Amino acid sequence: MENITINVVNTIGDVYGVEADDGQKVFELISKAFGDRKKVTLSFQNIEMLTTAFLNTAVGQLYKDFSELEIREQLKVSDISNSGKVALKRVVDTAKLYYKDPEAMQRSINEILGH
């Protein structure tokens, strides 16, 4: 299986991974590579800031289209800061729960918000 590297800075043209729109660009590249049966190394080299909005869009929504096993086998992350790792783990854990049962997650959010 061919391995490609997606450099986040080159993809979004910025050292700040904060916008969901930028995360969508990364997601589309990863998703296309997975569809082409390629392994992806997602490089966060030179990224100075990451937000959960960016990570949710870039990585979290992969769990909608691909199984946890596929993602684990085909996606590697490199050059990510410790705070980035913590944020990414939180995003992945939430995405796994959400895409397993989106209605339950929405009910939980509504309860928290008091709706």
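The preceding data block contains the structure.
Here the structure is a predicted model, which is why all the values come from computation and not from measurement.

Procedures and definitions
Residues numbered from 1 in each chain as written. Predicted model: local features only at pLDDT ≥ 70, side-chain atom pairs only at ≥ 80, totals over all residues. Heavy atoms only, no water. Pairing = 2+ DSSP bridges. Helix = DSSP H or I, 4+ residues; strand = E, 2+ residues; numbered from the N terminus. Axes fitted to C-alpha atoms, helices over the stretch in contact; angles between N-to-C directions. Contact = heavy atoms within 4.5 Å. Buried < 20%, exposed > 50% of the residue type's maximum accessible area, 1.4 Å probe, protein only. Salt bridge = Lys/Arg side-chain N within 4 Å of Asp/Glu carboxyl O.

A. A look at the sheet that holds strand β3 (residues 39-43). With parallel pairing, the three strands of this open sheet are ordered in space as β1-β3-β5. Looking at the sheet topology across the chains shown, the edges are occupied by β1 (3-7) and β5 (75-78). Ignoring which end each strand starts from, the neighbouring axes of this sheet average 25° apart. Sheet analysis places β3 next to β5, joined by four bridges and oriented parallel. Across the sheet, residue T41 finds its bridge partner in β5, namely K76. Across the sheet, helix α2 (residues 20-35) is in contact with β1, β3 and β5; its angle to β3 comes to roughly 160°.

B. Layout of the side chain of T57. With respect to the helices and strands, T57 occurs in helix α3 (residues 52-60). By relative accessible area, T57 is classed as buried at 14%. Among all residues touching T57, those that are not within four sequence positions of it are A20, G23, Q24 and F27.

C. Structural view of the pattern of salt bridges. Applying the stated criterion across every chain yields a total of five salt bridges. Ionic pairing is found between K25 and D22, a salt bridge with its closest N-O pair at 3.2 Å. You can see K25 and its partner D22 sitting in helix α2, three residues apart, about one turn around the helix. When its relative accessible area of 39% is taken as the criterion, K25 is described as partly exposed. Through salt bridges with shared partners, one network takes in E68, R72 and K96.

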